Amino acid sequence: MLKERLESDLHEAMKARDELVTSTLRMAITAVRNAEVAGKAARELSDEEILSVLTKEAKKRREAAEAFAGAGREAQAAKERAEEEVLAAYLPAQLSDEDLAGIVRDALAAAGLSGMASMGQAMKAAQAAVAGRAEGGRVAAEVRAQLAKG
């Protein structure tokens with residue numbers, strides 16, 4: 001299970017005295033635990049749900065790095081990028097633009113969707129087909145482009 005792998009890797013990083021990996025994995029495990037107790041009842045997250053949490057955390061790091069770089073705080077931006085790289089090791093490989101376009105095209109065709117009026121249904125079908133291998137913003141942009149075409 002992914003949560004066990006995170007905890008095991010945290011122990012290894014602590015033994016190796018790798019401060020970056022240790023702090024990043026602690027943050028990730030905390031985010032997972034917070035997600036587990038969110039809602040009406042505490043529950044164990046599935047690997048897919050844990051991947052979703054890790055994807056959100058990686059996105060936060062990427063956005064923070066851009067903000068720090070824009071403010072001229074390059075040292076903090078570099079730290080955020082390094083944390084994102086640690087998290088990326090636990091995420092599935094991201095789809096290329098061509099692969100994403102093909103998957104979205106197939107998902108829209110299978111569901112028989114066209115026109116901007118079906119954006120909600122199209123996003124649901126595309127997100128299911130992509131299964132976390134591309135960020136929601138990229139998926140939405142591709143779905144919007146393909147619906148506008150056809």
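Please refer to the structure higher up on the page.
A few points on the structure.

How each quantity is defined
- Residues numbered from 1 in each chain as written.
- Predicted model: local features only at pLDDT ≥ 70, side-chain atom pairs only at ≥ 80, totals over all residues.
- Heavy atoms only, no water.
- Salt bridge = Lys/Arg side-chain N within 4 Å of Asp/Glu carboxyl O.
- Buried < 20%, exposed > 50% of the residue type's maximum accessible area, 1.4 Å probe, protein only.
- Core = buried A, V, L, I, M, F, W, Y, C linked by side-chain atoms within 4.5 Å.
- Helix = DSSP H or I, 4+ residues; strand = E, 2+ residues; numbered from the N terminus.
- 1 Å grid on protein atoms, 1.4 Å probe; cavity = no way out; pocket = protein on both sides within 12 Å on 5 of 7 lines; lining within 4 Å.
- Points joined across faces, edges and corners; volume = space filled by probe spheres on them.
- Nonpolar A, V, L, I, M, F, W, Y, C, P; charged D, E, K, R; others polar.
- Axes fitted to C-alpha atoms, helices over the stretch in contact; angles between N-to-C directions.
- Parallel < 35°, antiparallel > 145°, perpendicular 65-115°, else oblique.
- Left-handed = near helix turned anticlockwise from the far one by under 90°.
- Contact = heavy atoms within 4.5 Å.

A look at the pattern of salt bridges
Moving on, step 1. Within the structure shown, the criterion is met by 15 salt bridges.
Moving on, step 2. For Glu 49, the salt bridge is made with Arg 43, and the minimal N-O distance between the two is 2.9 Å.
Moving on, step 3. Close ionic contact of Arg 81 with Glu 74 constitutes a salt bridge, the shortest N to O distance being 3.1 Å.
Moving on, step 4. In this structure Arg 81 comes out as partly exposed when scored by relative accessible area, which is 35%.
Moving on, step 5. You can call Glu 74 partly exposed: its relative accessible area is 43%.
Moving on, step 6. Among the charged side chains, a salt-bridge network with shared partners connects Glu 57, Lys 60, Arg 61, Lys 79, Glu 80 and Glu 83.

Observations concerning the nonpolar core
Moving on, step 1. Within the largest apolar cluster, 20 residues are counted, with the highest numbers of intra-cluster contacts made by Leu 6, Leu 25, Ile 50, Leu 54, Leu 87 and Tyr 90.
Moving on, step 2. Counting residues per element, the ones that place at least two in this core are α1 (2-15), α2 (19-37), α3 (47-70) and α4 (74-88).
Moving on, step 3. If one sorts the elements of this core by residue count, α2 sits on top with 7 residues.
Moving on, step 4. Among the nonpolar cores identified, the runner-up in size contains 16 residues, and Ile 103, Met 123, Ala 126 and Val 130 belong to it.

Quick word on the layout of surface pockets
Moving on, step 1. Approximately 370 Å³ is the volume found for the largest pocket.
Moving on, step 2. In terms of lining residues, the largest pocket is bounded by 14 residues, among which Leu 51, Ser 52, Thr 55, Gly 132 and Ala 134 are the most central.
Moving on, step 3. Where the lining of the largest pocket is concerned, the elements lending two or more residues are α3 and α7 (136-149).
Moving on, step 4. Taken together, the residues of the lining of the largest pocket break down into 4 nonpolar, 6 polar and 4 charged.

Topic: the packing of α2 against α3
Moving on, step 1. For the pair α2 and α3, interaxial distance at closest approach is 10 Å and the crossing angle is 130°. Relative to α3, α2 is oriented oblique. Relative to α3, α2 is oriented so that their crossing is right-handed. Residues Met 27, Ala 28, Ala 31, Val 32 and Ala 35 of α2 lie in contact with α3, whose contacting residues are Ile 50, Val 53, Leu 54, Glu 57 and Arg 61.
Moving on, step 2. Across the contact of α2 with α3, the residue classes tally to 8 nonpolar, no polar and 2 charged.

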